[in-house]
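# Structural description and commentary
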Amino acid sequence: MGMHVVIQPLVGGVAVVSPAPGVRQLAAGGDETAIMIQVPARIGGLMDTARFARSLAVAANEFGEWCETQNRTRTYSSPVGDQWSEERD
């Protein structure tokens, strides 16, 4: 069975954390929700996780570039509050 997690970030970041001596995790998220990527405790786990982390970095960079391009090319209507701020007769 697969599990899908969708995050729509408001604020947050990504960091390497060390919850115990000799243990490292890649943490992504904010104060209330985070995704933790850990090295599996099996032979080959370190190399599998290294490949995963590098491919994640490439995909994340590509996604970030796409988001920035979309942000530059989109137009937004004025906020709802601004639309109703004029006095009406």
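Definitions and cut-offs
- All residue numbers refer to position in the chain's written sequence, counted from 1.
- Only residues with pLDDT of at least 70 get local features here, since the model is predicted, and only at 80 or more are side-chain atom pairs given and counted; chain-wide, interface and lining totals rely on the full set of residues.
- Side-chain figures throughout are based on the complete set of non-hydrogen atoms in the structure, without hydrogens or water.
- In this scheme, strands are said to pair when DSSP sees at least two bridges between them.
- A run of DSSP states H or I qualifies as a helix once it reaches four residues; a run of E qualifies as a strand once it reaches two. Both are numbered from the N-terminal end.
- A fitted line through C-alpha atoms serves as each axis, taken over the contacting stretch for helices, and the angle formed by two N-to-C directions is quoted from 0 to 180°.
- By definition in these notes, contact holds between two residues if any of their heavy atoms fall within 4.5 Å.
- Each reported salt bridge corresponds to a side-chain nitrogen of Lys or Arg within 4 Å of a carboxyl oxygen of Asp or Glu.
- To sort residues, take the accessible area from a 1.4 Å probe on protein chains only and compare it with the maximum for the residue type: under 20% means buried, over 50% means exposed, and anything in between is partly exposed.
- Each residue carries a pLDDT value, the predictor's own confidence for that position, ranging from 0 to 100.
- Each patch is assembled from residues with relative accessible area greater than 30% and no salt bridge, linking like charges that lie within 9 Å and nonpolar side chains (Val, Leu, Ile, Met, Phe, Trp, Tyr) that lie within 5 Å.
- Under the convention used here, a 1.4 Å probe and the Shrake-Rupley method define accessible areas, while residue burial counts only the protein chains that appear.

## Thoughts on the sheet that holds strand β1 (residues 13-20)
In spatial order, the strands read β1-β2-β3; together these three strands make up an open sheet with antiparallel pairing. Among the strands making up the open sheet, the edge pair consists of β1 and β3 (34-37). Direction aside, neighbouring strands of the sheet carry axes that sit 30 degrees apart on average.

## A few points about the side chain of Q25
Here Q25 lies in strand β2 (residues 23-29). Contacts of Q25, omitting those with residues within four sequence positions, involve A15, V16, V17, P19, M36, I37 and Q38.

## Quick word on the pattern of salt bridges
Considering all chains together, one arrives at two salt bridges under this definition. With its nearest N and O atoms 2.8 Å apart, the salt bridge here joins D48 to R42. Its relative accessible area of 46% is what places R42 among the partly exposed residues. Across the pair R51 and D48 runs a salt bridge whose closest N-O atoms are separated by 2.6 Å. On the criterion of helical spacing, the pair formed by R51 and D48 is a turn pair, its members being three residues apart in helix α1 (residues 45-73).

## Observations concerning the confidence of the model for the chain
Residue-level pLDDT values for the chain average 83, and 84% of them are 70 or greater. The least confident element of the chain is helix α2 (residues 80-83), whose mean pLDDT is 60; the most confident is α1, at 93.

## Regarding a nonpolar patch on the surface
Residues M3, V5, I7 and I35 make up a contiguous nonpolar surface patch of roughly 380 Å² in combined accessible area. In this structure, I35 sits in strand β3. Look at I35 and you get partly exposed, because its relative accessible area is 33%.

## A few points about the pairing of β3
Across four bridges, β2 lies against β3 in antiparallel orientation. Each residue of the ladder has a partner; that of G29, found in β3, is A34. Hairpin remark: β2 followed by β3, antiparallel, with four residues in the connecting loop.

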